[in-house]
Amino acid sequence: MYVSSRSYAQECDTRDELAEFREQFHLPLDASGNPVIYLCGNSLGLQPKITSQYIRKELDDWAKLGVEGHTDAAHPWMPYHEFLTNQMAEVVGAKPGEVVVMNTLTTNLHLLMVSFYQPTETRYKIVVESDAFPSDKYAVESQLKFHGHDPKDGLILWTPREGEEVCRFEDLEAIMQDQGNSIALLMIGDTNYYSGQHFPLKRITQLGHKNGCIVGFDLAHGAGNIQPDLHSSNADFAVWCSYKYLNSGPGSLGGLFVHERHAHNKELKRFTGWWGHNKETRFNMRHEFDPLPGAEGWQLSNPPILSMAAIRASLDVFAEAGMDRLRKKSKKLTGYLEFLLDELNDDRIRIITPRDPEQRGCQLSIQVKNADKSLHDQLTEAGVISDWREPDVIRVAPVPLYNSFEDVFEFVERFKKILG
Ligand SMILES: *Cc1c(COP(=O)(O)O)cnc(C)c1O
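Structure report, in brief. (Residues numbered from 1 in each chain as written. Predicted model: local features only at pLDDT ≥ 70, side-chain atom pairs only at ≥ 80, totals over all residues. Heavy atoms only, no water.)

**Considering the sheet that holds strand β11 (residues 349–351)**
Reasoning step 1: In spatial order, the strands read β11-β12-β15-β14; together these four strands make up an open sheet with antiparallel pairing. Edge positions in the open sheet fall to β11 and β14 (387–389), since each of these has one partner strand only. Strand-to-strand twist across the sheet, computed as the mean angle between neighbouring axes with direction ignored, equals 30°.
Reasoning step 2: Set on the sheet, helix α13 (residues 373–381) makes contact with β12 (364–368), β14 and β15 (393–396); between it and β14 the angle comes to about 180°.
Reasoning step 3: Seen against the sheet, helix α14 (residues 405–419) touches β11, β12 and β15 and runs at an angle of roughly 10° to β12. (Pairing = 2+ DSSP bridges. Helix = DSSP H or I, 4+ residues; strand = E, 2+ residues; numbered from the N terminus. Axes fitted to C-alpha atoms, helices over the stretch in contact; angles between N-to-C directions. Contact = heavy atoms within 4.5 Å.)

Have a look at this one:
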């Protein structure tokens, strides 16, 4: 159904109803002033052109209003996070009360493990996928140690089989069969940052719950990429960041999800701060802590409005494009990349990301035999922004909001030339 030609790629772009969104982003330029082939939205998403207006508005309101901006800014700062909630909930498939934007990913992961990782003498182990992002692994290991457990014993890796790169569900079942009684938490990376494998959230949650475990997901590579359907997955909690597919700028705030069945549980242990306290009495400053129901109850501090303004801008772009349309284009775009790579018929390269579009987002991870980082450097030289993972994997992520079919075609042309 695909054709390997520039004219075909251009024709796909002409027929693409989301094509005009590319114009809404700043594309970095190469040395000769042409837009680079940017395939790195899995690491840092591009800047929407409206973002600077949204941030400038807050700066202006601060200049004009000072402290009064908390209540009198066009978007008052006091409840500012609420302006993000509905759209963010839509992006991750949650109910608004289950979602809040705050802190950063790893911080949120710790805060939620304070509540949802409650080890006992006999049930204390944590399962992560073996190629979990280092920060998640460090966070989980430190939680084990914090509770007096040795990660060598307490950390279980869900590992691909010998000679394979992606994890099999049966192997997680086997882990649960073997050790389910001693496992407190499944903490899985939803869409794996390395292989690009997207895990079945609902099945994993069912498996975990059946064995009496809490189930949490890291959607760093899922939010804005796949449609996670968090609420119906029934997961207990989830965390994500906003600077990858969500295009909200370097280090911008993260999001978290707490399933509504935990919304009113005041018995859950948690680390607290004034922003998680009942809004009615927050400023009396004298009351016993009274957590807000739902995800908001995990907030600690009054948040950085400039970061939230960038997130609001980005979410407005997402709302206009719509996740259904984005995901549909994404499958077609990544399918085209896969097709072109297969057409190269080069046995030095192997796509380690699952072939099934339902088991991946837009990213393809390409393993290149005997390659080293100089391959990535050559790509950069040729105006392709991709991402290198040791020892031999290039990750490329055509993002449906701003990448075109011609980008994909052009990437493969340049890649082919470099491979020689
Ligand atoms: C990007 C990423 C992070 C980054 O964590 P921060 O706290 O935002 O620095 C963590 N985990 C995963 C899976 C990621 O992909």
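**A word on the site of the ligand**
Reasoning step 1: In the neighbourhood of the ligand, the contacting residues comprise Leu105, Thr106, Phe133, Asp136, Asp218, Ala220, His221, Tyr243 and Lys244.
Reasoning step 2: In this structure, Asp136 approaches the ligand through a side-chain N or O atom, which is 2.5 Å from a nitrogen atom.
Reasoning step 3: Within the side chain of His221, an N or O atom sits 3.1 Å from an oxygen atom of the ligand.
Reasoning step 4: When its residues are assigned to classes, the shell around the ligand shows four nonpolar, two polar and three charged. (Near = heavy atom within 4 Å. Polar contact = N/O pair within 3.5 Å; in protein donor to acceptor, adjacent residues only side chain to side chain. Nonpolar A, V, L, I, M, F, W, Y, C, P; charged D, E, K, R; others polar.)

**Quick look at the packing of aromatic side chains**
Reasoning step 1: Enumeration according to the criterion identifies 17 aromatic pairs in this entry.
Reasoning step 2: Ring geometry for Trp158 versus Phe199: centroids 4.8 Å apart, planes at 40°, classification tilted. Residue Trp158 is located in strand β6 (residues 155–158), and its partner Phe199 is located in the loop between β7 (183–188) and α9 (201–210); the two are separated by 41 residues in the primary sequence. Grouping residues by exposure puts Trp158 and Phe199 together as buried. (Phe/Tyr/Trp six-rings, centres within 6.5 Å; stacked < 30°, edge-to-face > 60°. Buried < 20%, exposed > 50% of the residue type's maximum accessible area, 1.4 Å probe, protein only.)

**Regarding the pattern of salt bridges**
Reasoning step 1: Counted under the stated rule, the structure contains 28 salt bridges.
Reasoning step 2: Between Glu11 and Arg15 there is a salt bridge, with the nearest N and O atoms lying 3.3 Å from each other. In this pair, Glu11 and Arg15 are both assigned in helix α1 (residues 6–15), four residues apart and thus about one turn of the helix distant.
Reasoning step 3: Salt-bridge contacts for Glu260 lead to Lys95; the nearest nitrogen and oxygen are separated by 3.1 Å. Separated by 165 residues along the polypeptide, Glu260 in the loop between β10 (254–258) and α11 (305–321) and Lys95 in the loop between α4 (82–92) and β4 (99–102) bring together distant segments of the chain.
Reasoning step 4: Exposure remark for Glu260: the relative accessible area of 37% places this residue in the partly exposed category.
Reasoning step 5: Owing to a relative accessible area of 37%, Lys95 belongs among the partly exposed residues under this scheme.
Reasoning step 6: Overlapping salt bridges, with partners in common, bring together Arg161, Glu164, Arg168, Glu170 and Asp171 in one network. (Salt bridge = Lys/Arg side-chain N within 4 Å of Asp/Glu carboxyl O.)

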